[in-house]
Amino acid sequence: MNNTYDWVLYPNEESAVLKIKEALHRHPELSFEEHRTSELIRSVLGRMDGVKILDLPIDTGVVAVIRGGASGKLVGLRADIDALPIREVPTGPAVSQNDGVMHACGHDFHTAALLGAAQVLSRNRAELRGNVMLIFQPAEEITAGARYLLEAGMYNEYRPDCVFGMHNRPDIQAGKVVAEAGYRMAGKYNYNICIHGKSSHSGSPQDSHDPIVCACALVTALQSIISRNIRPLDSATVGIESIQSNNEMKHQMVDDVWLEGSVRAHDDKVRDLAFGRVCEMTEQIAAAYGCEAELTVEDTVPATYNTQEMADIAKRAAIATVGEQDIISVPGGLGCEDFGWLLKETPGYYYWLGSGRVDDTDETEYPGWHDPAFHTNDAALPIAANLLIQSVLEAQK
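Thresholds, definitions, all that
Residues numbered from 1 in each chain as written. Predicted model: local features only at pLDDT ≥ 70, side-chain atom pairs only at ≥ 80, totals over all residues. Heavy atoms only, no water. Buried < 20%, exposed > 50% of the residue type's maximum accessible area, 1.4 Å probe, protein only. Helix = DSSP H or I, 4+ residues; strand = E, 2+ residues; numbered from the N terminus. Pairing = 2+ DSSP bridges. Axes fitted to C-alpha atoms, helices over the stretch in contact; angles between N-to-C directions. Parallel < 35°, antiparallel > 145°, perpendicular 65-115°, else oblique. Left-handed = near helix turned anticlockwise from the far one by under 90°. Contact = heavy atoms within 4.5 Å. Nonpolar A, V, L, I, M, F, W, Y, C, P; charged D, E, K, R; others polar. Expected span 1.5 Å × (residues − 1). Core = buried A, V, L, I, M, F, W, Y, C linked by side-chain atoms within 4.5 Å. 1 Å grid on protein atoms, 1.4 Å probe; cavity = no way out; pocket = protein on both sides within 12 Å on 5 of 7 lines; lining within 4 Å. Points joined across faces, edges and corners; volume = space filled by probe spheres on them. Polar contact = N/O pair within 3.5 Å; in protein donor to acceptor, adjacent residues only side chain to side chain. Salt bridge = Lys/Arg side-chain N within 4 Å of Asp/Glu carboxyl O. Phe/Tyr/Trp six-rings, centres within 6.5 Å; stacked < 30°, edge-to-face > 60°. Lys NZ or Arg CZ within 6 Å of the ring centre and 35° of its normal.

Novice: How would you explain the pairing of strand 5 (residues 162-169) if you had to name every residue and give the values?
Specialist: The buried count for strand 5 comes to eight of eight residues, which makes it a mostly enclosed element. Across the two faces of strand 5 the burial is the same, with C162, F164, M166 and N168 and V163, G165, H167 and R169 all buried. Two elements, strand 3 (residues 75-80) and strand 5, share three bridges in a ladder whose sense is parallel. Bridge pairing links L77 to F164 in strand 5. The sheet contact formed by strand 5 and strand 14 (residues 348-354) spans seven bridges and is parallel. Bridging across to strand 14, M166 finds its partner in Y351.

Novice: Run through the packing of helix 2 (residues 35-46) against helix 3 (residues 107-123), naming residues and quoting values.
Specialist: Angle between the axes and distance between the axes are the two parameters that describe a pair of packed helices. Close contact between helix 2 and helix 3 brings their axes to 10 Å; oriented N to C, the two are set at 15°. In terms of orientation, helix 2 lies roughly parallel with respect to helix 3. Between helix 2 and helix 3 lies a crossing whose hand is right-handed. Taking contact as the criterion, the partners of L40, I41, V44 and L45 in helix 2 are, on helix 3, T111, L115 and A118. For the contact of helix 2 with helix 3, the residue count by class is six nonpolar, one polar and no charged.

Novice: Residue-level account of helix 10 (residues 381-395), with values.
Specialist: With 15 residues, helix 10 extends 22 Å between its outermost C-alpha atoms, agreeing within 8% with the 21 Å of an ideal straight helix rising 1.5 Å per residue. Burial analysis of helix 10 places 14 of its 15 residues in the buried class, the great majority of the element.

Novice: I'd like to hear about unusual backbone geometry, residue by residue, with values.
Specialist: Apart from glycine, the bulk of residues carry a negative phi angle, and the bulk of peptide bonds sit in the trans form. In this model, A139 sits at a positive phi of 55°, which is unusual for a non-glycine residue. With respect to the helices and strands, the residue A139 is situated in the loop between strand 4 (132-137) and helix 4 (145-151). The backbone of H251 shows a phi angle near 60°, a positive value even though the residue is not glycine. Residue position: H251 is located in the loop between strand 9 (236-245) and strand 10 (256-265). When its relative accessible area of 56% is taken as the criterion, H251 is described as exposed.

Novice: Could you give an account of the nonpolar core, naming the residues involved and the relevant values?
Specialist: L45, L77, L121, L134, F136, F164 and Y351 are the most contacted members of the largest nonpolar core, which totals 57 residues. Excluding its chain neighbours within four sequence positions, the residues that come into contact with L77 are L114, L121, V132, M133, L134, I135, V163, F164, L388 and V392.

Novice: Provide a residue-level description of the sheet that holds strand 13 (residues 327-328), including the pertinent values.
Specialist: Taken in spatial order, the eight strands line up as 1-2-4-3-5-14-6-13 in an open sheet, and their pairing is mixed. The two strands at the open ends of the sheet, each matched to only one other strand, are strand 1 (51-53) and strand 13. Looking at chain direction, strand 1 and strand 2 (residues 62-66) are connected through three bridges and run antiparallel. Looking across to strand 2, one finds that V51 is bridged to I66.

Novice: Summarise empty space enclosed by the protein; cite the residues concerned and give the values.
Specialist: The final tally for this structure, using the stated rule, is one cavity of 30 Å³ or more. Taken as a whole, the largest cavity encloses approximately 30 Å³ of empty space. Around the largest cavity, the lining residues are R78, A79, H110, A113, L114, M166 and L388. Secondary-structure elements contributing two or more residues to the lining of the largest cavity are strand 3 and helix 3. Among the elements that line the lining of the largest cavity, the one with the most residues is helix 3, at three residues. Class assignment for the residues of the lining of the largest cavity results in five nonpolar, one polar and one charged.

Novice: Hey, could you go over the side chain of R271 for me, with residue numbers and the actual values?
Specialist: Mapped onto the secondary structure, R271 falls in helix 7 (residues 268-288). In this structure the side chain of R271 is engaged in a polar contact, spanning 3.0 Å, whose partner is the backbone oxygen of V301. Filtering out sequence-adjacent residues up to four positions away, R271 remains in contact with G187, K188, Y189, V263, A265, V301 and P302.

Novice: Residue-level account of the pattern of salt bridges, with values.
Specialist: Within the structure shown, the criterion is met by 19 salt bridges. Residues E337 and R78 are paired through a salt bridge, measuring 2.5 Å at the closest nitrogen-oxygen approach. Here R78 lies in strand 3 and E337 lies in the loop between strand 13 and helix 9 (339-345), a separation of 259 residues in the sequence. Using a relative accessible area of 3% as the deciding quantity, one classes R78 as buried. Each member of the salt-bridge network shares a partner with another, and the members are R78, D80, E337 and D338.

Novice: Can you break down the packing of aromatic side chains residue by residue, with the values?
Specialist: For the coordinates displayed, the defined rule picks out seven aromatic pairs. Ring plane angle 65° and centroid distance 4.8 Å describe the contact between Y349 and Y351, whose orientation is recorded as edge-to-face. Like Y351, Y349 is buried. By the ring-pair criterion, three or more aromatic residues cluster together here, those being F164, Y349 and Y351. The aromatic ring of W352 is capped on one face by R169, whose charged end is 4.2 Å from the ring centroid. The ring of Y189 carries R271 above its face, with NZ or CZ at 4.7 Å from the centroid.

Novice: I'd love a proper account of the layout of surface pockets, names of residues and values included.
Specialist: As a volume, the largest pocket reaches approximately 260 Å³. Along the walls of the largest pocket sit 14 residues, with C105, E140, E141, C336 and H370 positioned nearest its centre. Looking at side-chain class alone, the lining of the largest pocket contains five nonpolar, four polar and five charged residues.

Function-wise, these values are silent; they only describe arrangement.
Have a look at this one:
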């Protein structure tokens, strides 16, 4: 096998990957609208040797395979490619040219890192002990892209033995890697509730069944699920994120109110228990206020869980990339990520990689995900690419 230097980005490749990241940042695209992004990915992959882009019935996203020189495991590497409907507060040399849309979560960072990893793996493909699948997934921000690719037949011709994903963390020092077993992201239900009432003039409230009052009672009641139905040692959230009514006139009670919310938990049983209570409370409180309620599930996403077996591989890859001194422990959160759907199909591992300050003397502010001033410390970009490369090498041993 080549020496270690051949399995990392060369300096000129690091520069090229940074330019790709900045190009992606200037032209962000929303979920399932990533046409320009997908074309850029195809163009970059098309200049690499030994890369086969799969012909899938998809509008956005790209899936490709690097064919290695020897038989062995097929390892998947996944990056998300979509942006968010947020107006950017400029913080760096690359600024969104698509007004009201920005890469406020670092998916441009992830995509560029995977393209960098693909370059190195392609360059060394003769010595790969198996194949590598490159998954550039659309629509992660609406947690719909992973299923979209799976339903399009992404695994019909090639099915990975394992798959790796990664997310930057601006609250963690640049280059630090979280490589441990356990829950990384929560599973969730996204749900919509429509409360049907009866309108009347606001001077005659006795003639109404006011869905706004009902909705307020429901929102308050739902807060008791976590405090009274879930064990204190279990992690879960129950939220209402949006309330709207159909009021087009002043001094008039409305007919309908719409609520949108989510239930999140690491453990599926906890998530299902909490969601079951949401359903019961919605029906019963609506009836108590003389209203009717319809609850529909918009989306479900499984939790992202790293097994010990995959964590052992990931830790070896992280040590090879940054050294044991830069591997840290961080508890899982209740954010959600549809990488969990890929883990339903095949074993896998999901990293967190620090993309914040260089060290304690660095006074640069790195706002959190989905902040209008979000940006990544791109000193971590080659580390991200090299970590994906080492993940392949360790998994194929």
